[in-house]
Amino acid sequence: MKTILIVEDVELNRDLLVQLLRDDYRLVLAGDGATALEKAAETRPDLVLMDLSLPRMDGWEATRRMKESKDLAAIPVIVLTAHAMSGDEERARVSGCDDFLTKPIDEDLLFAKLMKYLGH
């Protein structure tokens, strides 16, 4: 079973993702960027779903640090964000994010992206 690290500080959003994914994936949860880095190092997930607006360390910085780490750089990071401003997707990609989804989450698009990166 593939492992997905969900990095989301808003409980409602986190719970929705868990409900959508728990039957098909092993899930690891983090509520801030610093914890996300720790959990990524511990569990080596197959993919990360990363919110950008997080306490302690935002998703931009957490993603940048993951991509700078030789052990974590190959893990795909999909941004999940309410930031749909012009330029945010490009900024996310420059930070090292592999893909970008806006909230509210389009379930079909989420599953299509998971299939793209995980083949499942």
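Bear in mind the structure is a predicted one, so any value in this text is a computation, not a measurement.

*Asks:* What is the right way to look at the sheet that holds strand E5 (residues 99-102) in this model?
*Replies:* The pairing of strands in a sheet comes from backbone hydrogen bonds and takes either a parallel or an antiparallel form. Ordered by their spatial adjacency, five strands build an open sheet running E2-E1-E3-E4-E5, and the pairing between neighbours is parallel. The outermost strands of the open sheet, each flanked by one partner alone, are strand E2 (26-30) and E5. Across this sheet, the average inter-strand angle for adjacent strands is 20 degrees, counted without regard to direction. Sheet analysis places strand E3 (residues 47-51) next to strand E4 (residues 77-81), joined by four bridges and oriented parallel. Counted as the bridge partner of aspartate 51 is leucine 80 from E4. Strand contacts of helix H1 (residues 11-21): strand E1 (3-7), E2, E3 and E4, with the helix running at about 165 degrees to E1, the strand carrying the most contacts. The strands touched by helix H2 (residues 33-43) within the sheet are E1 and E2, with E2 carrying the most contacts at an inclination of about 150 degrees.

*Asks:* Help me out: how do you make sense of the environment of alanine 41 in this one?
*Replies:* Relative to the helices and strands, alanine 41 resides in helix H2. Between the C-alpha atoms of alanine 41 and aspartate 71, which are 30 residues apart in sequence, the distance is 7.7 Å.

*Asks:* Can you walk me through the pairing of E1 in this structure?
*Replies:* Two faces belong to every sheet, and in a regular strand the side chains alternate between them. Here E1 lies mainly inside the structure; five of its five residues are buried. As paired strands, E1 and E2 are joined by five bridges and run parallel to one another. Looking at E2, one finds that isoleucine 4 is bridged to leucine 27. With H1 bridging E1 and its parallel neighbour E2, the resulting β-α-β unit is right-handed. In this sheet, E3 lies alongside E1 in parallel orientation, the contact comprising four bridges. Within the sheet, the bridge partner assigned to isoleucine 6 lies in E3 and is leucine 49.

*Asks:* Looking at this structure, I do not really get unusual backbone geometry. What am I missing?
*Replies:* Most peptide bonds take the trans configuration, and most residues that are not glycine carry a negative phi. In this structure, the amide linkage connecting lysine 103 to the following residue, proline 104, adopts the cis form with an omega of 0 degrees. In this structure, proline 104 sits in the loop between E5 and helix H5 (107-118). Positioned with a positive phi, arginine 56 is a non-glycine residue whose angle comes to about 65 degrees. Structurally, the position occupied by arginine 56 is in the loop between E3 and helix H3 (59-68). A relative accessible area of 65% means that arginine 56 is categorised as exposed.

*Asks:* Sorry, what's going on with the side chain of lysine 103 here?
*Replies:* Structurally, lysine 103 can be placed in the loop between E5 and H5. Here the side chain of lysine 103 touches glutamate 8 through a polar contact of 2.6 Å, side chain to side chain. Beyond its immediate chain neighbours, meaning those up to four positions away, lysine 103 contacts Glu8, Asn13, Asp51, Leu80, Thr81 and Ala82.

Here is what the cut-offs are and how they apply
Throughout, residues of each chain are indexed from 1 in the direction in which the sequence is written. Totals for whole chains, interfaces and linings use all residues, but because this is a predicted model, local features are given only for residues with pLDDT of at least 70 and pairs of side-chain atoms are given and counted only at 80 or more. Side-chain metrics rest on all non-hydrogen atoms present in the structure, leaving aside hydrogens and water. Pairing between strands requires that DSSP locate at least two bridges from one strand to the other. In DSSP terms, a helix is any run of H or I states spanning at least four residues, a strand is any run of E spanning at least two, and both are numbered starting from the N terminus. As a rule, the C-alpha atoms of each element are fitted with a line to give its axis, helices using only the stretch in contact, and angles between N-to-C directions run from 0 to 180 degrees. We call two residues contacting when some pair of their heavy atoms lies within 4.5 Å. Between buried and exposed lies partly exposed: a residue is buried under 20% and exposed over 50% of the maximum accessible area for its type, with that area taken using a 1.4 Å probe on protein chains only. A right-handed crossover is one whose linking path, passing over the helix from the first strand to the second, runs clockwise when the strands point away from the viewer. Any pair of N or O atoms that falls within 3.5 Å is considered a polar contact. Within protein, one atom must be able to donate a hydrogen and the other to accept it, and sequence-neighbouring residues count only if both atoms are side-chain atoms.

Treat this as a map of the structure, not an account of what it does.
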